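Listed here are the chains, written in short residue letters.
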There are 4 protein chains.
Amino acid sequence: MPTILGQNQYGKAESRVVRITRDGRTHHIKDLNVSVALSGDMADVHHSGSNTHVLPTDTTKNTVYAFAKEHGIESAEQFGIHLARHFVTGQEPIHRARIRIEEYAWERIDTSDGMAPDGEVWSGTAEQPRHSFVRTGQETRLAQITFDGDSWEVVSGLTDLTVLNSTNSEFWGYAKDKYTTLREAYDRILATDVSARWRYRWSGNGSSDGSSDGSGDGSGDGVPMPDWDESYAQTKKHILRTFAETYSLSLQQSLYQMGTSVIENRGEIEEIRFSLPNKHHFLVDLEPFGLKNDNEVYFAADRPYGLIEATVLRDGAEPRIPVDLTRLR
Amino acid sequence: MPTILGQNQYGKAESRVVRITRDGRTHHIKDLNVSVALSGDMADVHHSGSNTHVLPTDTTKNTVYAFAKEHGIESAEQFGIHLARHFVTGQEPIHRARIRIEEYAWERIDTSDGMAPDGEVWSGTAEQPRHSFVRTGQETRLAQITFDGDSWEVVSGLTDLTVLNSTNSEFWGYAKDKYTTLREAYDRILATDVSARWRYRWSGNGSSDGSSDGSGDGSGDGVPMPDWDESYAQTKKHILRTFAETYSLSLQQSLYQMGTSVIENRGEIEEIRFSLPNKHHFLVDLEPFGLKNDNEVYFAADRPYGLIEATVLRDGAEPRIPVDLTRLR
Amino acid sequence: MPTILGQNQYGKAESRVVRITRDGRTHHIKDLNVSVALSGDMADVHHSGSNTHVLPTDTTKNTVYAFAKEHGIESAEQFGIHLARHFVTGQEPIHRARIRIEEYAWERIDTSDGMAPDGEVWSGTAEQPRHSFVRTGQETRLAQITFDGDSWEVVSGLTDLTVLNSTNSEFWGYAKDKYTTLREAYDRILATDVSARWRYRWSGNGSSDGSSDGSGDGSGDGVPMPDWDESYAQTKKHILRTFAETYSLSLQQSLYQMGTSVIENRGEIEEIRFSLPNKHHFLVDLEPFGLKNDNEVYFAADRPYGLIEATVLRDGAEPRIPVDLTRLR
Amino acid sequence: MPTILGQNQYGKAESRVVRITRDGRTHHIKDLNVSVALSGDMADVHHSGSNTHVLPTDTTKNTVYAFAKEHGIESAEQFGIHLARHFVTGQEPIHRARIRIEEYAWERIDTSDGMAPDGEVWSGTAEQPRHSFVRTGQETRLAQITFDGDSWEVVSGLTDLTVLNSTNSEFWGYAKDKYTTLREAYDRILATDVSARWRYRWSGNGSSDGSSDGSGDGSGDGVPMPDWDESYAQTKKHILRTFAETYSLSLQQSLYQMGTSVIENRGEIEEIRFSLPNKHHFLVDLEPFGLKNDNEVYFAADRPYGLIEATVLRDGAEPRIPVDLTRLR
């Protein structure tokens, strides 16, 4: 046969798991969308349909739910580490596992100056409902955990974080050819939906010998496992702050500043890649109506949009985040 | 010809307007999606294609942008009132205008403990960027303003406000037939995406004679025009709080409590309608894995979902909000 | 309590049922998305949470699947009639049932000049696989069946049927005001996504006494039950053909022609309503590049878009299709 | 500065171009969504915001529209070749261009047995409207053209081609662990949305010296440029036919058969990658209702779904299609 099997992977995608933890009357919630992709010795199933080496995708889904109970969900990254180790160490034909997770954020519903159903004023936070949540709806947090039995790669990120500066953005001095009609802008709106992925330096020590905390951070390379939640919160903060504080001459410059801010401030991160649509806000021409539009009224366009993508690396780091965060389509 | 023209309307849908207001270094943003629907003496265009009575949809779009400059955008409702009055009073063949608006919320990017680009610590809020925003991403605010030259109808609302109670919800004692297999639940998750529309008592006095403030609130009926933003904020608060504080025996009961809370607390509102998908969170059976699932691990399902819809009215009010908030499809 | 319960309905939405019928080696497929909405004596569940009158939405979903087996799916409309009758006649507190169905079309995969896996040429259609399908992906068929125990209302329709005429469309002679800047067009592209709903004259005789075929077409009013599939196919054909053959001076005119064609040719239909977005295709200005654009190159815009909506009625018919086919949002 | 700029690219995404070609009364339509991504000597704009090397994304959009006029759109691939060559050879700092195109298919509206508006029967196809189209709505055709000034890479594909076999699919004999609960299936529905990308052997000769036909197929390597449309049509046919004709023991096996069929029959293609969601159709348990479900009634599930991905290569070919066709998210 003149054909060869190339890279392949399989698993259950988009298992939606919600984990409630009860601390007396106070509840906590974790809301994830988990996708499993397994690779290994899978030639037979492709060639002949023999499923001997195939752990069913249904089983990978069951494992997500069982682990949510057995291990809890401390963070998306830690949960993914548990899962990836399990698949690679539990099934001989599986040599590599990649877990991708989306996390949706919730906050408590505030009823602090509310009335109890019986008409009494809540006497304090202790009396408030502690099991009621509203989805924040802002960005979606992302995590990707890959394990090949030897080393770990963790890429975290976020998507759909929509930001806008209503001034301090210019665009001029660009190259021109015969198809250039754009007028230079000295005060424009700069807006984008931030999509970012950052890769951690930590790669574990590859051990899977059951260290007591199950964290896999034997740290043979001396790199401690990050505090995933703290790292996420701080990285998001640096991205937002730098976007706000940069006087921008191009979206590329803003992107690079954001990346630099993250790399300089977060020693645990080796590289970060951004995919930034330039959400055009066109100044509307109001002159036909006898009106002057002094950077006040804009048309927010859908398509087409500029798309600016780049990786920022720590000096000496190897680029490993794929070029296309968005789909090939 | 045996055919008759029935109800008809036309206009430009989904004009995306962003309005920036500059107060020194402090900027303010309004971000709307505006749809115009006009009705009136439109038989000719349908029968023969004569456009004599047809103000182009392109013109209705232009008007949205021009009015954003001329009148500003105080609130979605007030902006819609300006537009509806203009179309009905400005073109003789147009007898009725309905303006629908979606509003997206933004909040300032907080850089309060940030570093200035030159390395100095921000000395205070006065030094922070005041032109940088991040979309909150939670619910979308809605407004619909209808004017027929005589009276006004304002229906405001919200959609995609996702809430969840992790306890204090039961469902049992229901009717059963031969197709009933559901097991009774004494402690379940209750979650929904709140979609609500509420109608205001205010209907103006129908005057369009150019009252000085342009508000149309001649108030022949003695009903003052509401403070739209305050009313929105309080109504949302009552919905959230009542959802959280209701011990629920059915989603219908929670719905009615939410509606009652709004009607009782907001005298300016005559009726409110909810469309509440019951976002099922199924307890995962972990027994095959030797695990007990004590209301901890849930599968968040997509489809099918229960759909609970009802109107709650002030005693004596006439129901006018259409039954189907969601599309016929 | 100063609040009153208004219109309310509940049920399971979007149950996805696929029904395979095997006729020897030849299989047939029906692919539906079914939503149930029930109304009746439901005050208690709203006021107190008593579910005594509430048949669970889970049961309505089970019924959809059970009926797919018991009755088969002859057509979306016939299937909805079975369901609606069952809910209204089966549960005393339920006074009204509305069934909404989306249907997705499939066609057989053609392997007629294909090779059998063993290398032999297929000897004829009898040897071809008769169990393999590809989704056509064009419009979605819609049906809504309502029964109140007494009479029936069937509204069928379609959505997302995208059509385009590259000439024979003009737009000029329209009303102008100070905000009008549009230039008249004497040869433009006319494109829209047709969304239509049509109501049938048939209303059954309201009997639910178990006529042998379960069709409910006792026809006390002398109106025979339509052939639903034939009616759908012909109505779609009239819409497409009339769109193509109309020399259009406005989208309203094309709409009215399409409606008239359906009413005149299909005696079983009383009224039809269209919601037609004017999908703007703007001629691109190529003059800056020294090129003449002779109606050749267009920019297909997303938003905003014109939205043209109207009902066409048979003379004497009562309009009953709601004004807004699209959602209030 | 401890940060380094990694891979970067920019350009205008999703320019929607519709090209009409008039051949007397017969019109032809091409409907594309074109995304441009340029790379090269772009350090300055990232580091300092200097746009000297930056051809504006607005210009790349203008070029798409101008080229639709100047060169026409013979096929998506040929159009992309024109664009990619232009950007790389026209601007010194630009070293690489990647053009991605989605193409939407239209077919003529058939009015063959229709009536002319004046009541006459159409006398033949010559009299039928030849400027009226309906979107087919099935799969979206994809093309990606990359040029680095030296060699070409063309990857074509399709997405959202939904197929289903109602029998001849089994799944059993799989690996089991403590989390496995799935029951073996000996007759199941197999359904998927085919997403495929295939890479052509042709890489041009890298010349950009203005060969008369502008095709860049100097063919220094002796590989002729494919007939893009014929290749697309045949590849789709092989995918559909093989899906239909394969008796499947796993979706992986079907995938490999589809890939093999393409590689064996289309000599111009070097590799093909599939991303196949296993769209689960679960047999509904009707026993509680006293009914037997003999592979007749299925619940079509949304999430989670199995996801099967693999590359099939011609022996000796180098794999170059990225692993993740779907987005990282």
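Since this is a predicted model, take the numbers as computed values, not measurements.

**Things to note about unusual backbone geometry**
Most of the time, phi is negative for any residue but glycine, and the peptide bond is trans. All names here are of chain B. Between Arg303 and the following residue, Pro304, the backbone shows a cis peptide bond with an omega angle of -10°. In the Ramachandran plot, Asn168 falls in the positive-phi region, its phi being about 65° despite a non-glycine side chain. Note that Asn168 resides in the loop between β8 (152-165) and β9 (190-200).

**Points about the interface of chain A and chain B**
Counting from both sides, the interface comprises 60 residues of chain A and, opposite them, 60 residues of chain B. Roughly 5,200 Å² is buried in total at the junction of chain A and chain B, and carbon and sulfur atoms are behind 57% of that figure. Contact with chain B buries area across many residues of chain A, yet Lys69, His131 and Glu245 of chain A alone supply 12% of it, more than any other trio. Our count for the chain A to chain B interface comes out at 6 salt bridges.

**Thoughts on the relation of the copies chain A and chain B**
Superposing chain A onto chain B takes a rotation of 180° plus a shift of 0.0 Å along the axis, which leaves an RMSD of 0.0 Å. Classification of the inter-copy transformation places it as that of a two-fold axis. In terms of proximity to the rotation axis, the leading residue of chain A is Gly137 of chain A, whose C-alpha is 2.3 Å off the axis. When the interface residues of chain A are mapped onto chain B, 100% of them are again interface residues, pointing to one common binding face.

**A few points about the side chain of Thr159 of chain B**
Residue and element names in this part refer to chain B. When you line up the elements, Thr159 lands in strand β8. We classify Thr159 as buried; its relative accessible area is 7%. Reaching out from Thr159, the side chain makes a polar contact with the side chain of Ser195 at a distance of 3.4 Å.

**Details of the relation of the copies chain C and chain B**
Least-squares fitting of chain C to chain B yields an RMSD of 0.0 Å, with the transformation described by 0.0 Å of translation along the axis and a rotation of 180°. Comparing interface residues between copies, 100% of those in chain C also lie at the interface in chain B; the contact surface is shared.

**Focus on the packing of helix α4 (residues 228-245) of chain A against helix α5 (residues 251-265) of chain A**
All names here are of chain A. Contact geometry of α4 with α5 gives a least axis separation of 9 Å together with a crossing angle of 140°. In this view, α4 runs oblique relative to α5, as classed from their interaxial angle. Handedness of the crossing formed by α4 with α5: right-handed. Residues Thr235, His238, Ile239, Thr242 and Phe243 of α4 lie in contact with α5, whose contacting residues are Gln257, Met258, Ser261, Val262 and Asn265.

So, how was this worked out
Residues numbered from 1 in each chain as written. Chains lettered and ligands numbered in written order. Predicted model: local features only at pLDDT ≥ 70, side-chain atom pairs only at ≥ 80, totals over all residues. Heavy atoms only, no water. Helix = DSSP H or I, 4+ residues; strand = E, 2+ residues; numbered from the N terminus. Contact = heavy atoms within 4.5 Å. Buried area = accessible area lost by both parts, 1.4 Å probe. Salt bridge = Lys/Arg side-chain N within 4 Å of Asp/Glu carboxyl O. Least-squares fit on C-alpha atoms with pLDDT ≥ 70 in both. Buried < 20%, exposed > 50% of the residue type's maximum accessible area, 1.4 Å probe, protein only. Polar contact = N/O pair within 3.5 Å; in protein donor to acceptor, adjacent residues only side chain to side chain. Axes fitted to C-alpha atoms, helices over the stretch in contact; angles between N-to-C directions. Parallel < 35°, antiparallel > 145°, perpendicular 65-115°, else oblique. Left-handed = near helix turned anticlockwise from the far one by under 90°.

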